[in-house]
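Overview (structure and organization)
Below are the chains, spelled out letter by letter.
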Amino acid sequence: MASARPDAAAAAPAPRPAGFADLEEATAGLQPPFAVVDLGALRANAAQMARRAGGKPIRLASKSLRCRALIDDVLARPGFSGILAFTLPEALWLAAHDPGADLLVGYPTADTDALRRLAADEDAAARIAVMVDSPEQLDLITAAIGPSGPPVRVCLDLDASLRLLGGRVHVGMRRSPLHAPAQAAALARAVVARPRLRLVGVMAYEGHIAGVGDAQPTQARPMRAAVRVVQGVSVRELRARRAAAVRAVREVAPLEFVNGGGTGSLETTAAEPAVTELGAGSGLYAPALFDHYRGFSPLPAAFFALAVVRRPAPGHVTVLGGGWTASGAPGPDRLPVPVHPAGLRMLGAEGAGEVQTPLTGPAADSLRVGDRVWFRHAKAGELCERVDALHLVEHDRVVATVPTYRGEGMAFL
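Residues numbered from 1 in each chain as written. Predicted model: local features only at pLDDT ≥ 70, side-chain atom pairs only at ≥ 80, totals over all residues. Heavy atoms only, no water.

Here's the deal with the overall build of the protein
Scanning the protein from N- to C-terminus turns up twelve helices and 19 strands. With the C-alpha coordinates aligned to their principal axes, the bounding extent of the protein is approximately 70 × 50 × 40 Å. For the protein, buried positions account for 55% of its 413 residues. Look at the contacts in the protein between residues 6 or more apart in sequence, and 70% of them connect residues 24 or more apart. Approximately 17200 Å² of the protein is accessible, and the part contributed by carbon and sulfur atoms is 55%. Charged side chains of the protein number 44 positive and 40 negative; the gap between the two group centres comes to 6 Å. (Helix = DSSP H or I, 4+ residues; strand = E, 2+ residues; numbered from the N terminus. Buried < 20%, exposed > 50% of the residue type's maximum accessible area, 1.4 Å probe, protein only. Contact = heavy atoms within 4.5 Å. Areas by Shrake-Rupley, 256 points an atom, 1.4 Å probe, with all protein chains shown as cover. Lys, Arg positive; Asp, Glu negative; His and termini not counted. Charge placed at Lys NZ, Arg CZ, Asp CG, Glu CD.)

This is the structure in structure tokens:
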């Protein structure tokens, strides 16, 4: 497999997005299944995200790309700085490949081997921060790393969910037990009481705002209106509570950063004075779940192609593979979306199959065995768990073929 790093410096202005005719021509010599990333669309999305961030830096969520070449490409662009990793082993791996990387692990870890590796590596310990939300995690970390060595950098994960009626109504993810400013301050004191730990940041990810589209066409109008109202209430509540929590923590220790947001909430989170940086990444590939936001319209940038192998009945074709279902609450919105040729849909009785996926619709009778059907994944980086490489396309040609994490032999979750 050829491998090359895309040339970020040569991408200003960004190339135009490719059409499906371009993708077909560029990949004519490839055998499905394979995945492509349209660099024109990805770079346009990066520029849009930077504009929406209003001048605050975006820490790139690596799980949304899962490809080191594209992580490097995006971080070379204006508006992006630092990496939001999803596991500590991943952060250690990225740090070893990029001596200048500034890394925040977005989720708590119980990997004591990785913690010992972090604590034994002075350079990595100076550039990687781990996430915590409870004294129990602090106890695990300090037991793993021992009494001597460089300090381990720590970030507090503040719960961003909306709680109403004394907590009887919960809107958002069940992410962190730290909800009130006083709880954050108490954990901050617990961190600074441990000599091997150094408190450097606070993070709060408002997934119920950033990751939930407010213009879902499948929802009834009253439900769309309710989503918008609840998100608006949550934005205002979180703005005040996050600011109070940051003030309370800063009374305990100075902070290097306050991270918040996501692709769907860049504008509202950037408007908070307490927030110093944003975290986002899914908007770069613009998977199908990001099609339905009123405030922004990213360009689809990541696709995969499957081959037609059967024509079981008039108006039906079957492609080989396709069961590349996204994580989250099971439902039709987690299935891959057939996008070219237009007019294809999955069968409700079968959905996306492990080995084959039947499709129906007006375009089915125009397809022959050996033809391709192009899909979009419902989520961003999960596509890369299915392929070893991404073929990077500009206009109508593949300009580089780069390994995914899987292609480099890495599987972190």
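Remarks on the packing of helix 4 (residues 88-97) against helix 5 (residues 112-120)
With their axes 9 Å apart at the nearest point, helix 4 and helix 5 run at an angle of 35 degrees to one another. Pair helix 4 / helix 5 crosses with left-handed handedness. Contacts between helix 4 and helix 5 involve L88, P89 and L92 from the former and A114, L115, R117 and L118 from the latter. Split into classes, the residues belonging to the contact of helix 4 with helix 5 amount to six nonpolar, no polar and one charged. (Axes fitted to C-alpha atoms, helices over the stretch in contact; angles between N-to-C directions. Left-handed = near helix turned anticlockwise from the far one by under 90°. Nonpolar A, V, L, I, M, F, W, Y, C, P; charged D, E, K, R; others polar.)

What about helix 2 (residues 39-52)?
In this model helix 2 runs 20 Å from its N-terminal to its C-terminal C-alpha over 14 residues, within 8% of the 20 Å that 1.5 Å per residue would give. By the criterion of burial, helix 2 is predominantly enclosed, with eleven of the 14 residues buried. Residues L39, G40, A41, L42, R43, N45, A46, Q48, M49, A50 and R52 constitute the buried set of helix 2. The distance from a side-chain oxygen at the start of helix 2 to the backbone nitrogen of G40 is 3.0 Å, and the residue carrying that oxygen is D38. Taken from the residues just after helix 2, G54 is the one with a positive phi, measuring 60 degrees. (Expected span 1.5 Å × (residues − 1). Polar contact = N/O pair within 3.5 Å; in protein donor to acceptor, adjacent residues only side chain to side chain.)

Description of the pattern of salt bridges
On inspection of all chains with the given rule, the structure shows 22 salt bridges. In this structure, the salt-bridge partner of E24 is R372, at a minimum N-O distance of 3.4 Å. In this pair, E24 sits in helix 1 (residues 20-26) while R372 sits in strand 17 (residues 372-376), placing the two residues 348 residues apart along the sequence. A residue is classified by how much of its surface remains accessible, and E24, at 28% relative accessible area, is partly exposed. Its relative accessible area of 11% is what places R372 among the buried residues. The shortest N-O distance in the salt bridge between D102 and R59 comes to 3.2 Å. Of this pair, D102 sits in the loop between helix 4 and strand 4 (103-105) while R59 sits in strand 2 (residues 58-61), placing them 43 residues apart in sequence. The class of D102 is partly exposed, set by a relative accessible area of 33%. In this structure R59 comes out as buried when scored by relative accessible area, which is 2%. Via salt bridges that share partners, R43, D73, R77 and E394 belong to a single interconnected network. (Salt bridge = Lys/Arg side-chain N within 4 Å of Asp/Glu carboxyl O.)

Details of a nonpolar patch on the surface
Together, V309, L320 and V355 line one region of the surface with nonpolar side chains, adding up to about 250 Å² of accessible area. Given a relative accessible area of 36%, V309 falls into the partly exposed group. (Patch = residues over 30% accessible without salt bridge, like charges linked within 9 Å, V, L, I, M, F, W, Y side chains within 5 Å.)

Examining the packing of helix 5 against helix 7 (residues 135-145)
Contact geometry of helix 5 with helix 7 gives a least axis separation of 8 Å together with a crossing angle of 60 degrees. By the criterion of interaxial angle, the relationship of helix 5 to helix 7 is oblique. The way helix 5 lies across helix 7 gives a crossing that is right-handed. Touching T112, L115, R116 and A119 of helix 5 are L140, I141, A144 and I145, all from helix 7. Of the residues assigned to the contact of helix 5 with helix 7, the class counts are six nonpolar, one polar and one charged. (Parallel < 35°, antiparallel > 145°, perpendicular 65-115°, else oblique.)

Details of unusual backbone geometry
Cis geometry marks the peptide bond from P32 to P33; its omega dihedral reads 5 degrees. Cis geometry is found at the peptide bond from H340 to P341, where omega equals 0 degrees. Within the secondary structure, P341 is located in the loop between strand 14 (337-340) and strand 15 (345-346). With a phi angle near 50 degrees, R66 is a residue other than glycine that sits in the positive phi range. Relative to the helices and strands, R66 is located in the loop between strand 2 and helix 3 (68-75). Its identity is not glycine, yet H395 carries a phi of approximately 55 degrees, on the positive side. One can find H395 in the loop between strand 18 (389-394) and strand 19 (397-403).

A word on the packing of aromatic side chains
Within this structure, the stated rule accounts for ten aromatic pairs. These aromatic residues form a ring-pair network of at least three members: F20, F34, F303 and W374. One cation-aromatic arrangement involves R52 over F296; the distance from NZ or CZ to the ring centre is 3.8 Å. (Phe/Tyr/Trp six-rings, centres within 6.5 Å; stacked < 30°, edge-to-face > 60°. Lys NZ or Arg CZ within 6 Å of the ring centre and 35° of its normal.)

A short note on helix 5
Of the residues making up helix 5, those classed as buried are A114, L115, L118 and A119. Burial along helix 5 is one-sided: seen end-on, the buried residues are contained in an arc of 135 degrees. Between the side-chain oxygen of the N-cap and the backbone nitrogen of D113 there are 3.2 Å, and the N-cap of helix 5 in question is D111. (Arc of directions from axis to C-beta.)

Digging into the pairing of strand 12 (residues 302-313)
Side chains on a regular strand alternate between the two faces of the sheet. Sheet analysis places strand 1 (residues 34-38) next to strand 12, joined by four bridges and oriented antiparallel. The residue bridging A35 from the neighbouring strand is F304, located in strand 12. Here strand 12 runs beside strand 17; their pairing, made up of four bridges, is antiparallel. Within the sheet, the bridge partner assigned to A307 lies in strand 17 and is R372. In this structure, strand 12 lies alongside strand 13 (residues 316-320), joined through three bridges in antiparallel fashion. Across the sheet, V308 pairs through a bridge with V319, a residue of strand 13. Counting the residues in the hairpin turn of strand 12 and strand 13 gives two residues, including G315, whose phi is positive at 80 degrees. (Pairing = 2+ DSSP bridges.)

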